[in-house]
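One-letter residues, chain by chain:
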Amino acid sequence: MDIILLGPPGAGKGTQAQRLVATRGMIQLSTGDMLREAVAKGTPTGLKAKAVMEAGELVSDAIVSALIGERLDSCVGHGAIFDGFPRTKHQAEALEILLGERDRTLDHVIELVVDEEALVVRITGRFTCANCGASYHDKFHLPKVEGTCDVCGHHEFKRRPDDNEQTVRTRMAEYRAKTAPILPYYEEKGLVRRVDGMGSVEEVAAAIDAILDG
Ligand code: ADP
Ligand code: ADP
Ligand code: ZN
């Protein structure tokens, strides 16, 4: 089963993808994570992407589509969760070709529907485990034991440089202008399933499970 999680920054895509990885053995393909890794390693892709990401704008379609193509080859026998990809019509078309070349098809496009003002609060409170990437929030999802990752027991956490209010506004504008317009493309194929992303993490998870098991 291959699915796309679609929604603006902070909608909960990463949180829900991590849960599906843990519960269903699916593989999370997050272009944001791949790009941050490239930036950290200083690869040619990372050098091109760094300033664009810091500004909250979109990295080129060619770069992110190539990253997804590389990673898809390691998903044989597993369902893939596309998290943060595609973000433009061009990327949606590229994904269709990449999947077709590997005899895969898309099962669902799950749109997390959220309120924009709540997203600013979610994004500015977001932090992740520096070791395993598990996602937390200052108000909504603190580790069970203060300062200790629930998943791996690590004690260091990090925050993203682009998780500030100003950059979030640009990222939301990019979502509205370039990403939301790909919904009709998937509507036509009958793939879009809407989930209320404003519920608790558990409520959103239950709604996604109902779709995947339905
Ligand atoms: P995305 O990958 O869509 O940008 P994340 O999954 O990283 O979003 O979530 C953004 C922040 O909001 C994180 O700090 C996460 O812990 C928190 N969060 C995720 N889902 C919910 C939810 N349903 N309710 C409250 N906070 C949430
Ligand atoms: P979010 O939590 O906002 O959903 P991501 O981690 O998915 O953020 O992406 C962070 C940044 O990486 C984006 O603001 C953008 O600069 C870049 N990026 C990630 N995925 C893509 C993509 N599919 N196309 C273009 N740029 C991307
Ligand atoms: Zn951890």
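Remember, it's a predicted structure, so these values are computed and weren't measured experimentally. (Residues numbered from 1 in each chain as written. Chains lettered and ligands numbered in written order. Predicted model: local features only at pLDDT ≥ 70, side-chain atom pairs only at ≥ 80, totals over all residues. Heavy atoms only, no water.)

Visitor: Can you tell me about the site of ligand 1, naming the residues and giving the values?
Guide: Among the 17 residues in the neighbourhood of ligand 1, the closest are listed as G10, K13, T15, R126 and Y136. In the model, an oxygen atom of ligand 1 is placed 2.6 Å from a nitrogen or oxygen of the Y136 main chain. Considering ligand 1 on its own, with 560 Å² of exposed area, one finds that the protein chains cover 92% of that surface. Sorting the residues of the shell around ligand 1 by element identifies α1 (13–24) and β6 (135–137) as the ones contributing at least two each. Split into classes, the residues belonging to the shell around ligand 1 amount to six nonpolar, eight polar and three charged. (Near = heavy atom within 4 Å. Polar contact = N/O pair within 3.5 Å; in protein donor to acceptor, adjacent residues only side chain to side chain. Areas by Shrake-Rupley, 256 points an atom, 1.4 Å probe, with all protein chains shown as cover. Helix = DSSP H or I, 4+ residues; strand = E, 2+ residues; numbered from the N terminus. Nonpolar A, V, L, I, M, F, W, Y, C, P; charged D, E, K, R; others polar.)

Visitor: With reference to specific residues and values, describe the coordination of the zinc ion (ligand 3).
Guide: Note on the zinc ion (ligand 3): its protein donors are C129 (SG), C132 (SG), C149 (SG) and C152 (SG). The metal-donor distances range over 2.3 to 2.4 Å. Note that the zinc ion (ligand 3) binds four donor atoms; their angles at the metal cover 101 to 115°, and the shape is tetrahedral. Expressed as a motif, the donor residue spacing for the zinc ion (ligand 3) is C-x2-C-x16-C-x2-C. (Donors = N, O, S within 2.8 Å, 3.2 Å for Na, K, Ca; no water. Tetrahedral: all angles 85-135°; square planar, octahedral: opposite > 155°, others 65-115°.)

Visitor: Could you give an account of the pattern of salt bridges, naming the residues involved and the relevant values?
Guide: Throughout the structure, instances matching the rule amount to 25 salt bridges. R104 is the salt-bridge partner of D2, the closest N and O atoms lying 2.7 Å from each other. Of this pair, D2 sits in strand β1 (residues 2–6) while R104 sits in the loop between α5 (89–101) and β4 (106–113), and the two are 102 residues apart along the sequence. Assessed through its relative accessible area of 4%, D2 is described here as buried. Judged by relative accessible area, R104 falls into the buried class, the value being 14%. Among the salt bridges present, the one from D150 reaches K144, with a minimum N-O distance of 3.7 Å. Among the residues examined, K144 registers a relative accessible area of 74% and is labelled exposed. Salt bridges here are not isolated pairs; linked through shared partners, they connect R126, R160, D162, D163 and R171. (Salt bridge = Lys/Arg side-chain N within 4 Å of Asp/Glu carboxyl O. Buried < 20%, exposed > 50% of the residue type's maximum accessible area, 1.4 Å probe, protein only.)

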